[in-house]
Amino acid sequence: MHQTKAQSQRTPRSSSLLTLTCVLAATVSTHFAAPAAGSQSARVRALTYVYMQGADTLGLEAVSATDTSVSAVLTLRGSPRVDWNMSRQNSSYGVLTLRAYAPGSVASAAPLQDAQLRIQGDSAYATVILNGQIATQAIPTKRGAFSLVNTSLLHAALLSAHVKALNQTTVEFFLASGARTVPGSLSQAGDTLILTIASVQSRILMSPDGFPLEVSVPSQNARMTRATGPVSQPSPFPSIDYSASSDAPYT
């Protein structure tokens, strides 16, 4: 096997704050190799979610869960397809692995980039494969933070429900796109869990099965709903610049 050179460095903390706008934010452009087939336990849950803004369909997110991880494929209009996987043990979430593909790419297509995000102490360790090289960077974050796929309302909902189940009312998210840490607050209104980041509220309606039935973002007239039947991708998907954001320290 071809060996790659590993690099490691510490990146200064950015002073700016990236507001979480899950449906409209730029899609993460880095991913890491997903677990090999057969390395996970048997599938225990498979669901599909539809992303809407008003009456317009923005895309789909298909999720499957095992005893040790949650995996999803997120396809939003005008964005790379994002495959993400987050390890879990006893309902606690850990390492986030990601892979991004060009819209409409075939199953055998090579990813645009691979990345893995691991939170340890007050650092987020980003391991990126790019041009045959492996580079690992330590990026400052908050102790106890969770890595988050910016554009995934599903991911935000699962992590929020996990934190709320621990009777905590605050959460720190390390954003995979932009590599910033943003604080969030959690509150309950009847059967709805409310995640607030800056001025953006996401209203989460969870099912007893541990997955959301719906997530709405009223300020953006956007929502994600669980599909109850066959669904198809919206079209067309316009072209997009697949490069990572200019301020991402691990580009």
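None of these values were measured; they are calculated from a predicted model.

With respect to the overall build of the chain
Consideration 1: Counting its regular elements, the chain contains one helix and 16 strands.
Consideration 2: Nonlocal contacts in the chain, meaning residues at least 24 apart in sequence, comprise 51% of its contacts between residues at least 6 apart.
Consideration 3: Counting every atom, the chain has about 11,900 Å² of accessible surface; 51% of that belongs to carbon and sulfur.

Section: the nonpolar core
Consideration 1: Core analysis: the biggest nonpolar cluster contains 48 residues, and Y51, V63, W84, L154, F173 and L195 have the highest contact counts within it.
Consideration 2: Among the elements that make up this core, the one with the highest residue count is helix α1 (residues 153–165) (seven residues).
Consideration 3: Among residues more than four places away in sequence, those in contact with V63 are R45, A46, L47, Y49, V70, S71, A72, L154 and F211.

Details of unusual backbone geometry
Consideration 1: Positive phi, close to 50 degrees, is recorded for A179, a residue that is not glycine.
Consideration 2: For A179, the position within the fold is in the loop between β11 (170–175) and β12 (181–189).
Consideration 3: Of the residues examined, A179 reaches a relative accessible area of 9% and is grouped as buried.
Consideration 4: Phi at N221 is positive, roughly 55 degrees, even though this residue is not glycine.

A short note on the pattern of salt bridges
Consideration 1: On inspection of all chains with the given rule, the structure shows four salt bridges.
Consideration 2: The partner of R81 in a salt bridge is D83, with the nearest N and O atoms 3.3 Å apart.
Consideration 3: For D83, a relative accessible area of 21% puts it in the partly exposed group.

Points about α1
Consideration 1: Taking 1.5 Å of rise per residue, 13 residues should cover 18 Å, and α1 covers 18 Å from first to last C-alpha, within 8% of that figure.
Consideration 2: Most of α1 is tucked away: 10 of the 13 residues are buried.
Consideration 3: Listed as buried for α1 are L153, L154, H155, A156, A157, L158, L159, S160, H162 and V163.
Consideration 4: Trailing α1 by a residue or two, N167 shows a phi angle of about 60 degrees, which is positive.

What to know about the environment of V50
Consideration 1: Its place among the elements puts V50 in strand β2 (residues 45–53).
Consideration 2: A sequence separation of 175 residues divides V50 from T225, and the C-alpha atoms of the two residues are 5.4 Å apart.

Quick word on the side chain of S147
Consideration 1: Mapped onto the secondary structure, S147 falls in strand β10 (residues 146–148).
Consideration 2: A relative accessible area of 1% means that S147 is categorised as buried.
Consideration 3: Ignoring any residue separated from it by four or fewer positions in sequence, one finds S147 in contact with M86, L96, L117, I119, H155, L159 and F174.

As for the environment of L60
Consideration 1: For L60, the position within the fold is in strand β3 (residues 56–65).
Consideration 2: With 16 residues separating them along the chain, L60 and L76 place their C-alpha atoms 6.5 Å apart.

Considering the packing of aromatic side chains
Consideration 1: Enumeration according to the criterion identifies zero aromatic pairs in this entry.
Consideration 2: Taking the ring centre of Y101 as reference, the NZ or CZ of R81 above it sits at 4.0 Å.

Here we look at the confidence of the model for the chain
Consideration 1: In the predicted model, the chain carries a mean pLDDT of 78, and 73% of its residues have values of at least 70.
Consideration 2: Summarising per-element confidence for the chain, the mean pLDDT is lowest in strand β1 (residues 6–10) (42) and highest in strand β15 (residues 212–217) (97).
Consideration 3: In this model, residues 1–41 is a region of pLDDT below 50 whose contacts with residues beyond four sequence positions or in other chains number 117 contacts.
Consideration 4: Within the model, the stretch residues 235–245 combines pLDDT values under 50 with 22 contacts to residues more than four positions away or in other chains.

Regarding the pairing of strand β13 (residues 192–197)
Consideration 1: Within β13, six of the six residues are buried, which leaves it mostly tucked inside the rest of the structure.
Consideration 2: Pairing of β12 with β13 involves five bridges; the strand directions are antiparallel. Along β13, the bridge assignment pairs A189 with T192.
Consideration 3: If you look at the hairpin formed by β12 and β13, you'll find two residues sitting between the two strands, and G190 has a positive phi there, around 65 degrees.
Consideration 4: Of the pairings in the sheet, the one linking β13 to strand β14 (residues 200–206) comprises six bridges and is antiparallel in character. Opposite I194, over in β14, you have R203 as the bridge partner.
Consideration 5: Connecting β13 to the antiparallel partner β14 that follows it, the hairpin turn spans two residues, and A198 within it adopts a positive phi of roughly 55 degrees.

Criteria and cut-off values
Residues numbered from 1 in each chain as written. Predicted model: local features only at pLDDT ≥ 70, side-chain atom pairs only at ≥ 80, totals over all residues. Heavy atoms only, no water. Helix = DSSP H or I, 4+ residues; strand = E, 2+ residues; numbered from the N terminus. Contact = heavy atoms within 4.5 Å. Areas by Shrake-Rupley, 256 points an atom, 1.4 Å probe, with all protein chains shown as cover. Core = buried A, V, L, I, M, F, W, Y, C linked by side-chain atoms within 4.5 Å. Buried < 20%, exposed > 50% of the residue type's maximum accessible area, 1.4 Å probe, protein only. Salt bridge = Lys/Arg side-chain N within 4 Å of Asp/Glu carboxyl O. Expected span 1.5 Å × (residues − 1). Phe/Tyr/Trp six-rings, centres within 6.5 Å; stacked < 30°, edge-to-face > 60°. Lys NZ or Arg CZ within 6 Å of the ring centre and 35° of its normal. pLDDT = per-residue confidence, 0-100. Pairing = 2+ DSSP bridges.

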